[in-house]
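Structure assessment
The primary structure of each chain is shown beneath.
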Amino acid sequence: MHSILITGGAGFIGSHLTRLFVTKYPHYNIVNLDVLTYAGNLENLKDIEDKPNYSFIKGNITDLELLRILFTQNHFTAVLHCAAESHVDRSITDPLAFITTNVLGTASLLQAAKESWIGKMEDKIFYHISTDEVYGSLGETGFFTEKTAYDPRSPYSSSKASSDHIVRSFYHTYKLPVKISNCSNNYGPFHFPEKLIPLCIHNIINNKPLPIYGKGENVRDWLYVEDHVRAIDVVFHSGKVGETYNIGGHNEWTNINLVKELCRQMDEKLRREKGTSEKLITYVKDRAGHDLRYAIEATKLKNELGWMPSLQFEEGISKTIDWYLNNGEWLNHVTSGDYQSYYDKQYHKR
Ligand code: NAD
Ligand code: TYD
């Protein structure tokens, strides 16, 4: 029986994780703490918002007083920490927002957990959800393992790397029972259309240019979001305290080939003439400090805990496109208001 604080549960990965835990573990009490930035959206959780084991609190993870109250009231036995500023491009424009939430916010959560769990650490779990971007950028060969030295290169990845280090320091110094996983790029339903895949799906639907940074040769390792949260479930319940697990899709694509695959599938689904959407591809100025390649070695997770990705990419992308085509209202809601001014600033300067 757990009482779990999920942070950032209204975001992309957090909403899938919250849904999985609320429905799969009806005997767990789940509290979702989210400040609802532009990326947080309670519409992502509509289907579970009335479940008796679920509640939502609007609040900031940097607010230590609030965290102390929540720990006292709810007797949390575990934290699943997803809340973060998560978009590299925004971290280039506004690095301090990333340091505040990702570093200070994580440290505040650790502090609240430590104060609440002192003298009774056994059976508690502080699970920190992190990214493969902490390892830096690969050349054309090689993979990130759990032993790869950290070499973050963007304000986003360096803030996540800092938070990983602080989590480990609480394990070593205070024996806080932590677990960390570092995952590759996720895709799937409820993904905010500032990231490559949902942005291109949205633009293809609307016949708008598909902005490819640089030459489109950067490589990412894509994992369907439900596979990611399934891995978190496995690590949460069976992973070893103090350990780190890499999670990846064994699924590397250059950006340009990925966008061409999106175009191909969407032409079919939208009954457009073959090649129509590819004409929207537009090469734009490269991202500053653009990491060339990410690729995860996830054999530790497979060998120790038996987790593997379940979906082939073409199938995952097809499901994802179908979701966006069937959820136009969600897409309209998140792309109205502030989105437009973000988009203009981000792309019209390029
Ligand atoms: P997201 O941007 O979609 O969601 C982040 C959520 O955190 C939002 O609901 C937002 O409102 C909330 N939040 C932000 N600042 C907060 C604060 N100060 N207090 C409380 N809530 C706050 O992010 P995501 O893509 O779902 O990523 C979730 C986690 O997974 C992040 O830690 C990210 O680093 C990690 N991750 C993401 C990916 C990916 O491909 N998206 C891959 C690996 C790891
Ligand atoms: P993104 O989805 O932002 O994830 P991350 O930077 O965390 O990997 O970007 C994925 C890749 O796509 C990355 O190499 C940058 C590139 N990209 C574009 O070419 N155009 C775009 O408009 C965006 C948002 C990303």
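Everything below is about the structure shown above.
Now for a quick tour of the structure. (Residues numbered from 1 in each chain as written. Chains lettered and ligands numbered in written order. Predicted model: local features only at pLDDT ≥ 70, side-chain atom pairs only at ≥ 80, totals over all residues. Heavy atoms only, no water.)

Before going further, it helps to spend a moment on the site of ligand 1. Close to ligand 1 lie 29 residues, the nearest being Ile13, Asp34, Ser86, Tyr156 and Lys160. Contact between ligand 1 and Thr37: an oxygen atom at 3.0 Å from a main-chain N or O atom of the residue. Ile61 is positioned with one of its backbone polar atoms (N or O) 3.0 Å from a nitrogen atom of ligand 1. For the shell around ligand 1, the secondary structure elements donating two or more residues are α1 (12-24), β5 (125-131), α5 (155-174) and β7 (185-187). A per-class count over the shell around ligand 1 returns 13 nonpolar, 14 polar and two charged. (Near = heavy atom within 4 Å. Polar contact = N/O pair within 3.5 Å; in protein donor to acceptor, adjacent residues only side chain to side chain. Helix = DSSP H or I, 4+ residues; strand = E, 2+ residues; numbered from the N terminus. Nonpolar A, V, L, I, M, F, W, Y, C, P; charged D, E, K, R; others polar.)

Further remarks concern the pairing of strand β1 (residues 3-7). Most of β1 is tucked away, with five of its five residues classed as buried. Here β1 shows two buried faces, one formed by Ser3, Leu5 and Thr7 and the other by Ile4 and Ile6. In this sheet, strand β2 (residues 29-34) lies alongside β1 in parallel orientation, the contact comprising five bridges. Bridge pairing in β2 links Thr7 to Leu33. In this region the chain leaves β1, passes through α1 and returns to the parallel neighbour β2; the handedness of that crossover is right-handed. Both β1 and strand β4 (residues 78-81) contribute to a ladder of four bridges, which runs parallel. Bridge pairing links Ile4 to Ala78 in β4. (Buried < 20%, exposed > 50% of the residue type's maximum accessible area, 1.4 Å probe, protein only. Pairing = 2+ DSSP bridges. Right-handed = clockwise from strand over helix to strand, strands pointing away.)

Although it is not a glycine, Asp123 adopts a positive phi angle of roughly 70°. Within the element layout of this structure, Asp123 appears in the loop between α4 (95-117) and β5. In this structure Asp123 comes out as exposed when scored by relative accessible area, which is 67%. In the Ramachandran plot, Arg271 falls in the positive-phi region, its phi being about 55° despite a non-glycine side chain. Mapped onto the elements, Arg271 comes out in the loop between α8 (255-269) and β12 (281-284).

Now for the sheet that holds strand β9 (residues 219-224). Here we have three strands laid out as an open sheet, ordered β7-β9-β11, and mixed in their pairing. The open sheet terminates on both sides in strands that have one partner only, identified here as β7 and β11 (252-254). Averaged over all pairs of adjacent strands, the angle between strand axes in this sheet comes to 50°, irrespective of strand direction. Both β9 and β11 contribute to a ladder of three bridges, which runs antiparallel. Paired with Asp221 across the strands is Glu252, a residue of β11. The strands touched by α8 are β9 and β11; relative to β11, the strand with the most contacts, the crossing angle is about 90°. (Axes fitted to C-alpha atoms, helices over the stretch in contact; angles between N-to-C directions. Contact = heavy atoms within 4.5 Å.)

Moving on, we come to the sheet that holds strand β3 (residues 54-58). Strand order in this open sheet of seven strands is β3-β2-β1-β4-β5-β6-β10, and the pairing throughout is parallel. Edge strands, defined here as strands with exactly one partner in the open sheet, are β3 and β10 (244-247). If you compare each strand with its neighbour and ignore which way they point, the axes differ by 20° on average. Where α1 meets the sheet, its contacts fall on β1, β2, β3, β4 and β5, and the angle it forms with β2 comes to roughly 165°.

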